[in-house]
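Understanding the architecture of this molecule
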Amino acid sequence: MKTYTCQCGNTLYFANSLCLSCQRPVGFLSDARVISSCDVDAAGNWIASHNGQAYRQCSNYVKQNICNWLVPVESEQKLCASCQLTDTIPDLSKPDNRKLWFRMEQAKRHLLYTLYKLELPVIGKRHNPRGLSFRFLEDEVAQALYNRELTVQNTVLTGHSNGVITINLKEAEETKRLAMRELMNERYRTLIGHFRHESGHYYWDVLIKNSSYIEPFRALFGDERQDYQQCLETYYANGPAADWQQNCISAYASMHPWEDWAETWAHYLHMVDTLETANEYETSLENRLLSNPLDPDHPHTASYNEESFGTLIDDWDKLTNLLNSLNSSMGLDDAYPFVINPKTQEKLHFIHLLVRPL
């Protein structure tokens, strides 16, 4: 994603709350959607260098130090636009949960940044029953009296239902997430990946369900009306479809058309966000600067949309080859352990045109 510049000339990053050079406070302006350094006036207002407007810290910035977003002073909201979307937070009486909550919110803010850049509707359930909300929950455990061992009584399933995205708190613990990745035989499992995937389920309801796009969707992804629970049981009993590598971006995507959509949606967000970052750092391959697919100045025309998709796929292929080669040189796993087959490319094309309406 993009970087920003402090008044002193120092570079500011999306997660910054302080300029490490001049010590000015820093925050994300929830209305202008940029990171800005600020000066604090006599009334305690934060005056943003970006636009000279007055802001105050999100309540979770002041009280919990798990947020770095600002709220316009005239707003009646105590929480920023991101924190308002969180319906349930972890139990903060447990010593590690504040750190894990911070990681959850940080990943959510990263997701929202990309959704804003794509100009997708982000409406919270507090304002619309059909809107979006997040719950960060942990497994319920009980301790056996005779041996003091902890056993899981109720497992929290990461997923989406009617606009509510639930993420199991253990996904914010790297060791537990890696253990789950091994158990599920996955090559890639990240916290931001969960947020992007589950947001795909939400935006299927918003963009596809009961719309003119439903038949084109079915032609590409399959008929979502088939029994989801039966497909789930078949997947875990028999494994992925034998031809998934020719038709899907991942094995799990072959489980049901909804999962194929959510997986492909997540990969589209991976692509545009990572390419924006590469463009911000002026990454050039084969003597050409990689494009920024989130540039707001790009025209929304049929010819440009087609051209930009070709550029997106070409740049992503070059960039991921570079990233995987660099990781290999460091003895690390591939940064992007996936192959975009022709069928998946068609699905990505569908999403690309969907989020860039004429």
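Residues numbered from 1 in each chain as written. Predicted model: local features only at pLDDT ≥ 70, side-chain atom pairs only at ≥ 80, totals over all residues. Heavy atoms only, no water.

**Concerning the pairing of strand β3 (residues 26-29)**
Where β3 meets strand β4 (residues 34-40), four bridges bridge the pair, whose relative direction is antiparallel. Across the sheet, the residue bridging to Leu-29 is Val-34, located in β4. The turn linking β3 back onto β4 is made up of four residues, and Arg-33 within it adopts a positive phi angle of 60°. Bridging between β3 and strand β7 (residues 69-72) involves two bridges; their strand directions are parallel. (Pairing = 2+ DSSP bridges. Helix = DSSP H or I, 4+ residues; strand = E, 2+ residues; numbered from the N terminus.)

**Examining the sheet that holds strand β9 (residues 133-137)**
Overall, mixed pairing links the four strands, which are arranged β8-β9-β13-β12 in an open sheet. Each edge of the open sheet carries a strand with a single partner, namely β8 (86-88) and β12 (159-161). Direction aside, neighbouring strands of the sheet carry axes that sit 30° apart on average. Sheet topology places β9 next to strand β13 (residues 164-168); five bridges connect them, and they run parallel. Bridge pairing in β13 links Arg-135 to Thr-166. Each of β8, β9 and β13 is contacted by helix α2 (residues 97-117), which is oriented at about 155° to β9, the strand it contacts most. Taken strand by strand, helix α4 (residues 191-207) contacts β9, β12 and β13, and its axis lies near 160° from that of β13. (Axes fitted to C-alpha atoms, helices over the stretch in contact; angles between N-to-C directions. Contact = heavy atoms within 4.5 Å.)

**What to know about the confidence of the model for the chain**
Taken as a whole, the chain shows an average pLDDT of 93; of its residues, 96% reach a score of 70 or greater. Here strand β11 (residues 150-154) stands out as the least confident element of the chain, with mean pLDDT 58; helix α5 (residues 214-221) is the most confident, with 98. (pLDDT = per-residue confidence, 0-100.)

**Structural notes on the packing of aromatic side chains**
The full count for this structure, using the stated rule, is 25 aromatic pairs. The interplanar angle of 40° and the centroid separation of 6.4 Å between the aromatic rings of Phe-134 and Phe-136 together place this pair among those described as tilted. We note that Phe-134, like Phe-136, is buried. The interplanar angle of 15° and the centroid separation of 4.9 Å between the aromatic rings of Phe-217 and Phe-221 together place this pair among those described as stacked. (Phe/Tyr/Trp six-rings, centres within 6.5 Å; stacked < 30°, edge-to-face > 60°. Buried < 20%, exposed > 50% of the residue type's maximum accessible area, 1.4 Å probe, protein only.)

**Considerations on helix α10 (residues 342-354)**
Here α10 contains 13 residues, and its C-alpha end-to-end distance of 18 Å stays within 8% of the 18 Å for a straight helix at 1.5 Å per residue. Thr-344, Lys-347, Leu-348, Phe-350, Ile-351, His-352 and Leu-354 are the residues of α10 that are buried. Along its buried surface, α10 packs onto α4, α5, α7 (244-247), α8 (257-280) and α9 (302-329). Looking at where α10 begins, the residue whose side-chain oxygen comes 3.2 Å from the main-chain nitrogen of Lys-343 is Asn-341. (Expected span 1.5 Å × (residues − 1). Polar contact = N/O pair within 3.5 Å; in protein donor to acceptor, adjacent residues only side chain to side chain.)

**Details of the sheet that holds strand β5 (residues 46-48)**
Adjacent strands of a sheet form backbone hydrogen bonds with each other and so pair up, either parallel or antiparallel. Taken in spatial order, the five strands of this closed barrel run β3-β4-β5-β6-β7, and their pairing is mixed. For this sheet, the mean inter-axis angle between neighbouring strands, taken without regard to orientation, is 55°. Across three bridges, strand β6 (residues 54-57) lies against β7 in antiparallel orientation. In the sheet register, Tyr-55 faces β7, and the bridge partner there is Pro-72.

**Some words on unusual backbone geometry**
With the exception of glycine, the majority of residues adopt a negative phi angle, and the majority of peptide bonds are in the trans configuration. Unusually for a residue other than glycine, Asn-185 sits at a positive phi of about 55°. One can find Asn-185 in the loop between α3 (174-183) and α4. Backbone geometry places Glu-282, a non-glycine residue, at a positive phi of 55°. The topology assignment puts Glu-282 in the loop between α8 and β14 (284-285).

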